[in-house]
2 protein chains.
Amino acid sequence: MNTNRVETKLNYSLLSLDYNSISQKIDQEITLTGVIHRLRVLPQVTFLILRGERFCIQSVVEPPLKSDHLKEGDFIRMKGKVSSAKLSDKTIFPRDIEIKVSELTTIHAPSSILPFDISKKVLNVGGEVLFDMRPISLRHPKQRAIFKISESIVNAFQSFLSNNGFTRIFSPKIVFAGAEGGANIFQIQYFDRKAYLAQSPQFYKQFGVGIFGRVYDVGTVFRAEKHNTNRHLNEYISLDFEMGFIESHLDIMNVEAALLAYMMEYIREHNPYEIELLEIKLPMIGESIPAMTLDEAHQLYFEKKKIDMRQEPDLATEEEKFLTDWSTRELGSELMFITHYPSSKRPFYTKDDPAAPGKTRSFDLLFRGIEITTGGQRINDYQEQVEKFKTFGLNPDDFDSFLQMHKYGIPPHGGLAIGLERLTARLCNINNVKEAALFPRDVHRLTP
Amino acid sequence: MNTNRVETKLNYSLLSLDYNSISQKIDQEITLTGVIHRLRVLPQVTFLILRGERFCIQSVVEPPLKSDHLKEGDFIRMKGKVSSAKLSDKTIFPRDIEIKVSELTTIHAPSSILPFDISKKVLNVGGEVLFDMRPISLRHPKQRAIFKISESIVNAFQSFLSNNGFTRIFSPKIVFAGAEGGANIFQIQYFDRKAYLAQSPQFYKQFGVGIFGRVYDVGTVFRAEKHNTNRHLNEYISLDFEMGFIESHLDIMNVEAALLAYMMEYIREHNPYEIELLEIKLPMIGESIPAMTLDEAHQLYFEKKKIDMRQEPDLATEEEKFLTDWSTRELGSELMFITHYPSSKRPFYTKDDPAAPGKTRSFDLLFRGIEITTGGQRINDYQEQVEKFKTFGLNPDDFDSFLQMHKYGIPPHGGLAIGLERLTARLCNINNVKEAALFPRDVHRLTP
């Protein structure tokens, strides 16, 4: 029998254009596909900005080539010669070339005209329309740019950890119990019984330490937050890692500091277009990041603001904002670690600090007024974990599969979780974390 | 106020050891952490195999160093000199060195002894124990190796697509409607209404084409399969991509062929240890992969096996096995594309083939007897999609957020989904796909 064959060499037409090399192709003919982003038809010439996979390219169409049947939003293929230019529009990249079009084919002309103008430099859509029409509003260059930054955060996270001996794991999302406690957990009907959606990969990354020594996980987690705020999402991407053979939570903070320094360099190198387009100021992460205890943070707030939060087990939203404003001004750091949260306020797997009764070896990292990381050392001793369950009023027998690792051995370990959308939002100076999620979910929103 | 500072330079003790360079360190002293994998105490010498993050290292402890208080399963730190060796145990890597231990510290001694022997070359645990005790059984070198292969599949997928202009997206997991139809969808209570767990990122990767031109997604998807088979999981990792400006499904098949060729090379390069340990035979992917239509496949099966499946809209399990056996034997390919599934059998977003009435521009990829990929061209025309909804007895108004892209324009596009656990299982010659999931979920299993 004769069969057809599919080549393992990529067809030329499927290759992606290397935009960085276009500027070296002056006078050469190239082919581009994309959508007409902006169109300006003058009597003798038409200026057409083509929106490609990541960038927008300026092109010039001159008669006899017809351009009067074109409209913004049409998907086209164009052929043309690369020629030198000097452009100033930051939407366009590269700005030292333009295409003199010699051939232009419409691939697909939409049946309706966009309900808002995405060719404007700033996308001007009000309130919920931005989210209601997400498949369309995300086509705006500044909207897309947010998610190229977000992509780089993830890529940097993965490559830093991979280079440092971490193994990638995928933790299950349907679970038998919540790791974080509290009421903000979604219940599902799992055949004939109840199950939950994972609030974090906590149990599984701890298991991972026993298996691979150090692991990371990039995946969706779920929180049934009833509060519809600028800071919360009902599902979000959690960047998690966990590692063994540590001395204390300080080792985890050290890895995070090194990771973030690497990440900012990665973005600086890979995202010059987005940095300029969104006017991003990457935080300077120098040789160190400041750290203070929760008690010290409350005390500082009390001294400077005359508001007494010293009995509170956590930071208030206003304190978080105050603290990074203060550290930016006084210490030159937009990032700040807060350590030693009380045992009562941290989950049952958190290790208490023998040197500070009632406090844990835990930390948060604040960045531009918001907590972007929670982490710490975990309990690795079996008896210690059993006792902690009891202190929390929980029955250790309900967690026997979790306790396997403690029973059969796990080295001292710890880890952290970074909220991807929060970090993206803070980097891009976005107030509402939902704008840093492609398709956000909140108490009112399940679509698109 | 004086604050502490956390350095952004990684502490020496937190760096991961570069195992590939150990063989170049003969006579140098190094420090290793890990767990005692195998221990053989002889009168004059103790042989200790240390299980590190990925590899196992042979070491030799000689008196006066005490080794009689050590036991398998203990977590230790050791210092010692690298010396030449010639070892044959495939669990060990590298096999041209061993460590002459000069210092040995127990970091953590477990409270219980492992219930089964993971120092054996083959892990001999029966039936469900393998899964019941997953945090422990996965510590066996051959179990770990499966997931280092799985990790490389994901890394290769990401880097191939990223190098070819694809943007990574994260699709939501709580959705308003299923993309694949059918009854195998989990329902959840989402505050005051019903929602579902995503069966695939289908809608969102199609949206992604309108935004970024080409996208990929690596994430968990959910199927409420009541059948507890060797081929099904209730949640699994789906490797998805979707791209615009294609001519037909053949372009998607071409990208997959190139991707798989790249992936096998990636694994060959990055996983020599695991390939040897698991005795993996990577499929030879030469210049092309054979393809036939579903009708041709049924016809071939009928001719060779005298079993008539020619009226069936899909392949039976036995046919899938027959077809790759046949193509391996006759065409020298363990992979085989099957195309042109009937319209009735493929989801509502699938594009019909104008050249083959009643058939779609769709394909599956078979590998060693099982389908590892489903893909095809999607409908991009608004009216065509509206009509298809009606043909399927669905109300287009229920899908208005999905239809936004068709209405406001999306170029011809298509994509595919690869099941990570299935591909891993086939590569590692594992019969039960659950063994290729770290923490599998089936109708009976929610723990650990």
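Residues numbered from 1 in each chain as written. Chains lettered and ligands numbered in written order. Predicted model: local features only at pLDDT ≥ 70, side-chain atom pairs only at ≥ 80, totals over all residues. Heavy atoms only, no water.

1. A few points about the domain arrangement of chain A
All names here are of chain A.
Link 1 in the chain: Domain boundaries in chain A define domain 1 (12–108) and domain 2 (141–436).
Link 2 in the chain: For domain 1 versus domain 2, the distance between C-alpha centres works out to 44 Å.
Link 3 in the chain: The interface is formed by 12 residues belonging to domain 1 together with nine residues belonging to domain 2.
Link 4 in the chain: Buried area between domain 1 and domain 2, both sides added, is near 880 Å², and the carbon and sulfur share of it is 52%.
Link 5 in the chain: Among the residues of domain 1 in contact with domain 2, Arg54, Lys90 and Thr91 are the three that bury the most area, contributing 60% of the side total.
Link 6 in the chain: Inspection of the region where domain 1 meets domain 2 yields two salt bridges.
Link 7 in the chain: Our count for the contact surface shared by domain 1 and domain 2 stands at seven residue pairs in polar contact (both at pLDDT 80 or more).
Link 8 in the chain: Of the residues that constitute the side of domain 1 that touches domain 2, the class distribution is four nonpolar, three polar and five charged. (Domains from an automatic or database assignment. Contact = heavy atoms within 4.5 Å. Buried area = accessible area lost by both parts, 1.4 Å probe. Salt bridge = Lys/Arg side-chain N within 4 Å of Asp/Glu carboxyl O. Polar contact = N/O pair within 3.5 Å; in protein donor to acceptor, adjacent residues only side chain to side chain. Nonpolar A, V, L, I, M, F, W, Y, C, P; charged D, E, K, R; others polar.)

2. Structural notes on the packing of aromatic side chains
Link 1 in the chain: Counted according to the given criterion, the structure contains 54 aromatic pairs over all chains.
Link 2 in the chain: Taking 4.8 Å as the distance between ring centres and 80° as the angle between the ring planes, the aromatic pair formed by phenylalanine 55 of chain B and tyrosine 273 of chain B counts as edge-to-face. Pair noted here: phenylalanine 55 of chain B is in the loop between β3 (46–51) and β4 (56–61) and tyrosine 273 of chain B is in helix α6 (residues 272–277), with a separation of 218 residues, a long-range link. Considered together, phenylalanine 55 of chain B and tyrosine 273 of chain B belong to a single accessibility category, that of buried residues.
Link 3 in the chain: Note on phenylalanine 203 of chain B and phenylalanine 402 of chain B: the rings are 4.5 Å apart at their centroids and 35° apart in plane angle, and the pair reads as tilted. Note that phenylalanine 203 of chain B is positioned in helix α4 (residues 202–212) and phenylalanine 402 of chain B in helix α10 (residues 400–408), a separation of 199 residues in sequence. Summarising the burial analysis for this pair, phenylalanine 203 of chain B and phenylalanine 402 of chain B share the class buried.
Link 4 in the chain: These aromatic residues form a ring-pair network of at least three members: Phe176, Phe203, Phe348, Tyr349, Phe389, Phe399 and Phe402 of chain A.
Link 5 in the chain: Positioned above the aromatic ring of tyrosine 341 of chain A, the side-chain terminus of arginine 346 of chain A is 4.2 Å from the ring centre.
Link 6 in the chain: The ring of phenylalanine 302 of chain B carries the charged tip of arginine 310 of chain B above its face, separated from the ring centre by 3.7 Å. (Phe/Tyr/Trp six-rings, centres within 6.5 Å; stacked < 30°, edge-to-face > 60°. Helix = DSSP H or I, 4+ residues; strand = E, 2+ residues; numbered from the N terminus. Buried < 20%, exposed > 50% of the residue type's maximum accessible area, 1.4 Å probe, protein only. Lys NZ or Arg CZ within 6 Å of the ring centre and 35° of its normal.)

3. Description of the pattern of salt bridges
Link 1 in the chain: Enumeration over the complete set of coordinates arrives at 52 salt bridges over all chains.
Link 2 in the chain: Put simply, arginine 361 of chain A and aspartate 353 of chain A hold a salt bridge, and the shortest N to O gap is 3.7 Å.
Link 3 in the chain: Judged by relative accessible area, which is 10%, aspartate 353 of chain A ranks as buried.
Link 4 in the chain: Across the salt bridge formed by glutamate 103 of chain B and lysine 79 of chain B, the nearest N and O atoms sit 3.9 Å from each other. Of this pair, glutamate 103 of chain B sits in strand β6 (residues 97–108) while lysine 79 of chain B sits in strand β5 (residues 75–84), placing them 24 residues apart in sequence.
Link 5 in the chain: Overall, the relative accessible area of 43% leaves glutamate 103 of chain B in the partly exposed class.
Link 6 in the chain: Residue classification places lysine 79 of chain B among the partly exposed positions, given a relative accessible area of 32%.
Link 7 in the chain: Here the residues in one salt-bridge network are Lys205, Asp240, Glu242 and Arg378 of chain A, joined through shared partners.

4. Some points on the pairing of strand β12 (residues 235–244) of chain B
Residues and elements named next belong to chain B.
Link 1 in the chain: When you tally the buried positions in β12, you get 10 out of 10 residues, the bulk of the element.
Link 2 in the chain: Two strands pair when backbone bridges link them, and strand β11 (residues 214–222) and β12 are joined in this way by nine bridges, in the antiparallel orientation. Looking across to β12, one finds that glycine 219 is bridged to serine 238.
Link 3 in the chain: Here β12 pairs with strand β17 (residues 413–419) via seven bridges, running antiparallel. From the neighbouring strand, aspartate 240 faces β17, where its bridge partner is alanine 417. (Pairing = 2+ DSSP bridges.)

5. A look at the environment of isoleucine 410 of chain B
Link 1 in the chain: Secondary-structure assignment places isoleucine 410 of chain B in the loop between α10 and β17.
Link 2 in the chain: Residue class for isoleucine 410 of chain B comes out buried when judged on its relative accessible area of 0%.
Link 3 in the chain: Taking the C-alpha atoms as reference points, isoleucine 410 of chain B and phenylalanine 245 of chain B, separated by 165 residues in sequence, lie 9.3 Å from one another.
Link 4 in the chain: Ignoring anything within four residues of it in the chain, the contact list for isoleucine 410 of chain B reads Phe75, His108 and Arg139 of chain A together with Gln206, Val209, Gly210, Asn380 and Met405 of chain B.

6. Focus: the side chain of glutamate 319 of chain A
Residues and elements named next belong to chain A.
Link 1 in the chain: Note that glutamate 319 resides in helix α8 (residues 317–331).
Link 2 in the chain: Of the buried charged residues, glutamate 319 lacks a salt bridge, with arginine 310 as the closest side chain of opposite charge at 9.0 Å.
Link 3 in the chain: Within the structure, the side chain of glutamate 319 is placed 3.0 Å from the backbone nitrogen of alanine 316, a separation counted as a polar contact.
Link 4 in the chain: Not counting residues within four places of it along the chain, the set of residues in contact with glutamate 319 comprises His298, Tyr301, Met309 and Asp314. (Lys, Arg positive; Asp, Glu negative; His and termini not counted.)

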